[in-house]
Amino acid sequence: MHTLSRSHDWPILGPAQVRQLEPLLQALNPTPLMQSAGLACAKLALAVAPHARRIWVAAGPGNNGGDGLEAALHLHQWGKKVVVSLIASPGPGPEDAQAALQRAQLAGVRIQFSAPTDWLQQMDAQDLCIDALLGIGATRPLSADLQACVQAMKNCAAKVLAIDAPTGLNPLSGQWLDGGNSGDTLAVQADHTLSLIAVQAGLLMGHGRDASGQIWLEDLGYLPSQHSVPPLAWLNAPYSAAPKPHASHKGSHGDVAVIGGEGMYTNGMGMTGAAILAATAALHAGAGRVILSLLSGQTSDNAPPDVMQREFDRLALEKLHVVCGCGGGTAVQAVLPEVLQRSSGLVLDADGLNAVAQDSALQNALRQRSAHAATQATVITPHPLEAARLLGCNTQQVQNDRLKAAQELAERFQCIVALKGSGTVIAAPGRTPRINITGNGRLAIGGTGDVLAGLVGARMAHGQNTFEVAFEAACAAVAQHGQVADDWPPGEALTASRLAQRLA
């Protein structure tokens, strides 16, 4: 059993893949998988709550409930005071779950059919609740019985260990099962989540990152290299900075041009700051040279002195890694056809993406860059609303299946996609996507997306202008961007400008 570590390539599966693996793993294991899963849960329960005097197991009617019953059996045999609340459904349950119930009953485990009100009132922070209600099969809003258990768990002072996924969370998307978006949604907030066989995608995206607590994995014998079930995604690897060679020079690390920053005169709202943030990020991330081309047509005294400023018409786009769209407003539409046709490497963000979403000719131009991917690699960095505009759907549809949305964007526009948000997804045509778990809510402020765009541009400029290099550059930039936020000093305000200056 392991905690989720960013230093390993973890396969991310969905419920369908786990169901496909279960019979394959059972064939290799003389012990029923449910018994192995229950034992792993019981061991973890002792590890995270070693001084628990009371343990409440809320068990649902399916296999997840069976896992909880098996855990209760072991904890009872080890001398712990355990109560199981069994939430039954009409008709017989899975055979393994029925066998687990019989084993628990024969062992003398106390089993009832409602929450143990007397126990819950006496439980404190050293005690433990085990959420074994739904697991990976959860797809619908909670029934009244399940809601009562979840509410009791939320009101209890004890720690919570969830098996597979916290109840109320969609294990595939990381969205709430009731479709809500607020923190008041009725769902389990776990301190620990035990993933069985593989980590579910929903634990790493959306609300899952808050609801799951510390994630643990018991693989039950699953080895990605030995089983033919392909993962939905891989965990994004951490960023590791390589020192610049002593013999390098500014030309060794690429030239980045940032094109954006609509002037005040266009729509009464100046947005030059967004382009300056992207340029600052590219500069601090180690690009050899950074050129700022403001769509206001003017230079800015707020740009770092290390950044050159140049009019758009004087940019040698064929020799540059271009970051386009940050604060571009409507002015970016005029330059996009040329940017899409001529730019060497390209990062398209913000208003550049909005312009593409509104213009079929620009969409075709974006797709056509893939014919020259060896010399014209492209990365787009949409947030969920921009992704929805590009896909012709709404934001909720994007969030309900972020992996699918990112992959669909990659295939539709034949480019690399970094779909931003809680659990940024990096996708590319014909590749298994990656899910990033660095970063936190402090990034949810204006300008941090512009910083990411500039960082991606700098990482692309460091290597050869190939599709593979661009994909790895996007993955590294997303990981680094989040890691800087994770390492931010407590008590110090994170702003986009400070974030850009701390990149290295």
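Up top is the structure.
Residues numbered from 1 in each chain as written. Predicted model: local features only at pLDDT ≥ 70, side-chain atom pairs only at ≥ 80, totals over all residues. Heavy atoms only, no water.

Caption draft 1: Quick look at the overall build of the protein. When you go through the protein residue by residue, the secondary structure sums to 18 helices and 20 strands. In terms of overall size, the protein behaves like a compact globule, its C-alpha atoms giving a radius of gyration of 26 Å where 504 residues would be expected to give roughly 23 Å. Overall size of the protein, expressed as C-alpha extent along the three principal axes, is 80 × 45 × 45 Å. Burial analysis of the protein (504 residues in total) assigns 56% to the buried set. (Helix = DSSP H or I, 4+ residues; strand = E, 2+ residues; numbered from the N terminus. Rg over C-alpha atoms; globule rule 2.2 N^0.38 Å. Buried < 20%, exposed > 50% of the residue type's maximum accessible area, 1.4 Å probe, protein only.)

Caption draft 2: How the structure looks around the packing of aromatic side chains. With the rule as written, the count across this model stands at zero aromatic pairs. Residue placement shows Arg502 over the ring face of Trp488; its charged tip is 4.1 Å from the ring centre. (Phe/Tyr/Trp six-rings, centres within 6.5 Å; stacked < 30°, edge-to-face > 60°. Lys NZ or Arg CZ within 6 Å of the ring centre and 35° of its normal.)

Caption draft 3: Representation of the pairing of strand E7 (residues 159-163) in the model. Counting buried positions over the five residues of E7 gives four, a clear majority of the element. Remark: the strand E6 (residues 128-132)/helix H6 (residues 144-155)/E7 crossover connection has right-handed handedness. One ladder, built from three bridges, connects E7 with strand E8 (residues 192-196); its direction is parallel. Opposite Leu161, over in E8, you have His192 as the bridge partner. (Right-handed = clockwise from strand over helix to strand, strands pointing away. Pairing = 2+ DSSP bridges.)

Caption draft 4: Region of interest: the sheet that holds strand E2 (residues 11-13). On the basis of which strands lie adjacent, the open sheet formed by 12 strands has the order E9-E2-E11-E20-E19-E18-E17-E16-E15-E12-E13-E14 and mixed pairing. Whereas interior strands pair on both sides, the edge strands pair on one side only; in this sheet they are strand E9 (199-200) and strand E14 (308-309). Both E2 and strand E11 (residues 233-235) contribute to a ladder of two bridges, which runs antiparallel. Residue pairing for E11: Pro11 is matched across the bridge by Trp234.

Caption draft 5: Spotlight on unusual backbone geometry. Even without being a glycine, Asp164 presents a positive backbone phi close to 75°. A positive phi angle is found at Leu220, which is not glycine, with a value near 50°. As for its placement among the helices and strands, Leu220 is situated in the loop between strand E10 (214-218) and E11. Given a relative accessible area of 10%, Leu220 falls into the buried group.

Caption draft 6: The arrangement of the side chain of Ser296 in detail. In this fold, Ser296 is placed in the loop between strand E13 (289-294) and E14. Side-chain polar atoms of Ser296 contact the backbone nitrogen of Gln298, separated by 3.3 Å. (Polar contact = N/O pair within 3.5 Å; in protein donor to acceptor, adjacent residues only side chain to side chain.)

Caption draft 7: View of the environment of Leu133. Mapped onto the secondary structure, Leu133 falls in the loop between E6 and H6. By relative accessible area, which is 1% here, Leu133 ends up buried. Sequence separation between Leu133 and Asn63 is 70 residues, and the spatial gap between their C-alpha atoms is 9.1 Å. Setting aside its immediate chain neighbours within four residues, Leu133 contacts Ala58, Ala59, Gly60, Pro61, Asn64, Ile87, Leu146, Cys149, Val150 and Thr167. (Contact = heavy atoms within 4.5 Å.)

Caption draft 8: Quick peek at the side chain of His207. Secondary-structure assignment places His207 in the loop between E9 and helix H7 (208-211). Assessed through its relative accessible area of 18%, His207 is described here as buried. Excluding residues that lie within four positions of it along the chain, His207 makes contacts with Leu169, Gly174, Gln175, Trp176, Gly180 and Asn181.

Caption draft 9: Expanded view of helix H2 (residues 33-48). Taking 1.5 Å of rise per residue, 16 residues should cover 22 Å, and H2 covers 22 Å from first to last C-alpha, within 8% of that figure. What H2 keeps buried is the set Leu33, Met34, Ser36, Ala37, Gly38, Ala40, Cys41, Ala42, Leu44, Ala45 and Val48. (Expected span 1.5 Å × (residues − 1).)

Caption draft 10: The packing of helix H11 (residues 351-358) against helix H13 (residues 384-391), seen in detail. Following both chains from N to C, one finds H11 and H13 inclined at 20°, their axes separated by 8 Å at the closest point. What the angle tells us is that H11 and H13 run roughly parallel. Judged by the sense of rotation from one axis to the other, the crossing of H11 with H13 is left-handed. Along the contact surface, H11 presents Leu353, Asn354, Val356 and Ala357, while H13 presents Glu386, Arg389 and Leu390. Class assignment for the residues of the contact of H11 with H13 results in four nonpolar, one polar and two charged. (Axes fitted to C-alpha atoms, helices over the stretch in contact; angles between N-to-C directions. Parallel < 35°, antiparallel > 145°, perpendicular 65-115°, else oblique. Left-handed = near helix turned anticlockwise from the far one by under 90°. Nonpolar A, V, L, I, M, F, W, Y, C, P; charged D, E, K, R; others polar.)

Caption draft 11: Here's a closer look at the pattern of salt bridges. For the structure on display, the rule yields 12 salt bridges. Across the salt bridge formed by Arg431 and Glu468, the nearest N and O atoms sit 2.6 Å from each other. Of this pair, Arg431 sits in the loop between strand E19 (425-427) and strand E20 (434-435) while Glu468 sits in helix H17 (residues 467-486), and the two are 37 residues apart along the sequence. According to the relative accessible area criterion, Arg431 is partly exposed, its value standing at 27%. Through salt bridges with shared partners, one network takes in Arg431, Arg434, Glu468 and Glu472. (Salt bridge = Lys/Arg side-chain N within 4 Å of Asp/Glu carboxyl O.)

Caption draft 12: Examining the state of the cysteines more closely. Enumeration over the complete set of coordinates arrives at zero disulfides. In this model Cys41 remains outside any disulfide bridge; the closest cysteine sulfur is found in Cys129, 12 Å from its own. Take Cys41: its relative accessible area is 0%, and that puts it in the buried class. A disulfide-free cysteine, Cys393 has its sulfur positioned 15 Å from the sulfur of Cys415, the nearest such atom. Assessed through its relative accessible area of 30%, Cys393 is described here as partly exposed. (Disulfide = S-S within 2.5 Å.)

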